[in-house]
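# Tertiary structure, described
In case you want the letters, here they are:
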Amino acid sequence: MMKTKEKILLKALELFNEKGYTTITTRHIAAELNISPGNLHYHFKHSEDIIKILFQELVLKMDELLNTMKEMENNALENLYQFTFSTCKIFYSFRFIFVNFVDILKEIPEIRSQYEEIHTSRKEEFQMIFSGLQKNNIFKKDVPEFMMDSLIQQIFIIADNWLTHNRLILKLDQEAAISHYTLLQMNLFYPFLNKEQQKLYKKQYITPTP
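Residues numbered from 1 in each chain as written. Predicted model: local features only at pLDDT ≥ 70, side-chain atom pairs only at ≥ 80, totals over all residues. Heavy atoms only, no water.

## Brief notes about the overall build of the protein chain
In terms of regular secondary structure, the protein chain is built from 11 helices and zero strands. Moving toward the C terminus, one meets the helices and strands of the protein chain in the order α-α-α-α-α-α-α-α-α-α-α. The dimensions of the protein chain, computed from C-alpha atoms along their principal axes, are 60 × 40 × 35 Å. When the 210 residues of the protein chain are sorted by exposure, 41% land in the buried category. Counting only contacts in the protein chain whose residues sit at least 6 apart along the sequence, the fraction spanning at least 24 positions is 69%. For the protein chain, the exposed area adds up to about 12300 Å²; of that, 54% sits on carbon and sulfur atoms. With 25 positive and 26 negative side-chain charges, the protein chain shows a spacing of 3 Å between the two charge centroids. (Helix = DSSP H or I, 4+ residues; strand = E, 2+ residues; numbered from the N terminus. Buried < 20%, exposed > 50% of the residue type's maximum accessible area, 1.4 Å probe, protein only. Contact = heavy atoms within 4.5 Å. Areas by Shrake-Rupley, 256 points an atom, 1.4 Å probe, with all protein chains shown as cover. Lys, Arg positive; Asp, Glu negative; His and termini not counted. Charge placed at Lys NZ, Arg CZ, Asp CG, Glu CD.)

Put into structure tokens, the structure is as follows:
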């Protein structure tokens, strides 16, 4: 049976995603769960405390995904696609964080500090993954370091901002958005693939224009 704390976190995530964290208070969450505000405040004193835990859950899910990718000895193009797709899926499930990213980082210093640390460690993890792809002849081996650094930065920029772009511009539903932005990020890798992998990429992921 799900504990009250878990129910609060699930309902808060749902409401934050649907209506925005700035419009949802602990009273709203308590009302949706048919519990007293006092019961909710026993577990979380403020909305900020809920957001901190949800951010931790997001980080843990991404840690698991990255560890799986790093531990694979024979990473292939399909593994890279599945990793990118899974990342988009996770981000969508915590979309309120990214749509309100700047405000959340400004209002909750603990999350800002953690994000800055994560940004550094993630860069190292991506470098390790890409190095493995070079060893497996998926990526070209003669890629200049500055190009690899730029690729990682581009990935971070798209990953952190695609949900806002979708909400403002494309307005795609969940399934279409995840598919579209997965491919958009995958397209960043195309110039880094060797010729055989480029052929495979176009065959598997690029739909021919009628």
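Moving on from the model shown.
## Quick look at the packing of aromatic side chains
All told, the structure shown has 17 aromatic pairs when counted by the stated rule. Ring centres of Phe 91 and Phe 98 lie 4.3 Å apart, and the angle between their planes is 15°; on these two criteria the pair is classed as stacked. Of the two residues, Phe 91 and Phe 98, neither departs from the other in class, the shared state being buried. Geometrically, the ring pair formed by Tyr 201 and Tyr 205 is tilted, given 5.3 Å between the ring centres and 55° between the ring planes. Of this pair, Tyr 201 and Tyr 205 both sit in helix α11 (residues 195–205), four residues apart, which is roughly one turn of that helix. Among the aromatic residues, those joined into a ring-pair cluster are Phe 83, Phe 126, Phe 130, Phe 139, Phe 156, Phe 189 and Phe 192. (Phe/Tyr/Trp six-rings, centres within 6.5 Å; stacked < 30°, edge-to-face > 60°.)

## A few points about a nonpolar patch on the surface
A cluster of nonpolar side chains, namely Leu 168, Ile 169 and Leu 170, defines an oily patch on the protein surface of about 290 Å² accessible area. Mapping Leu 170 onto the fold places it in helix α9 (residues 145–170). (Patch = residues over 30% accessible without salt bridge, like charges linked within 9 Å, V, L, I, M, F, W, Y side chains within 5 Å. Salt bridge = Lys/Arg side-chain N within 4 Å of Asp/Glu carboxyl O.)

## Focus on the environment of Lys 195
Relative to the assigned elements, Lys 195 resides in helix α11. Note on Lys 195: relative accessible area 67%, which makes it exposed. For Lys 195 and Lys 140, which are 55 residues apart along the polypeptide, the C-alpha to C-alpha distance reads 8.7 Å.

## Here we look at the packing of helix α1 (residues 4–19) against helix α4 (residues 47–71)
Two elements in contact, α1 and α4, have axes whose closest approach is 10 Å; the angle formed by their N-to-C orientations is 90°. Viewed along their axes, α1 and α4 adopt a mutual orientation that is roughly perpendicular. Of the residues in α4, those in contact with Ile 8, Leu 9, Ala 12, Leu 13 and Phe 16 of α1 are Ile 50, Ile 51, Ile 53, Leu 54 and Glu 57. Along the lines of polarity and charge, the residues of the contact of α1 with α4 split into nine nonpolar, no polar and one charged. (Axes fitted to C-alpha atoms, helices over the stretch in contact; angles between N-to-C directions. Parallel < 35°, antiparallel > 145°, perpendicular 65-115°, else oblique. Nonpolar A, V, L, I, M, F, W, Y, C, P; charged D, E, K, R; others polar.)

## Looking at the pattern of salt bridges
Under the defined criterion, the tally for this structure stands at six salt bridges. Here Glu 125 and Lys 70 are joined by a salt bridge, their closest N and O atoms 3.1 Å apart. Taken together, the residues Glu 125 in helix α8 (residues 109–135) and Lys 70 in helix α4 connect sequence positions 55 residues apart. Given a relative accessible area of 11%, Glu 125 falls into the buried group. The partly exposed category is assigned to Lys 70, whose relative accessible area is 27%.

## Here's the deal with the side chain of Gln 198
As for its placement among the helices and strands, Gln 198 is situated in helix α11. Among the residues examined, Gln 198 registers a relative accessible area of 16% and is labelled buried. Ignoring sequence-local partners within four residues, the contact set of Gln 198 consists of Lys 140, Tyr 190, Pro 191 and Leu 193.

## Notes on the nonpolar core
In this structure, Phe 16, Phe 130, Phe 139 and Trp 162 are the most contacted members of the largest nonpolar core, which totals 66 residues. Ranked by residue count, the leading element in this core is α4, at 10 residues. Beyond its immediate stretch of four places on either side in the chain, Phe 16 contacts Tyr 21, Ile 24, Ile 29, Ile 50, Ile 51, Leu 54 and Phe 96. (Core = buried A, V, L, I, M, F, W, Y, C linked by side-chain atoms within 4.5 Å.)

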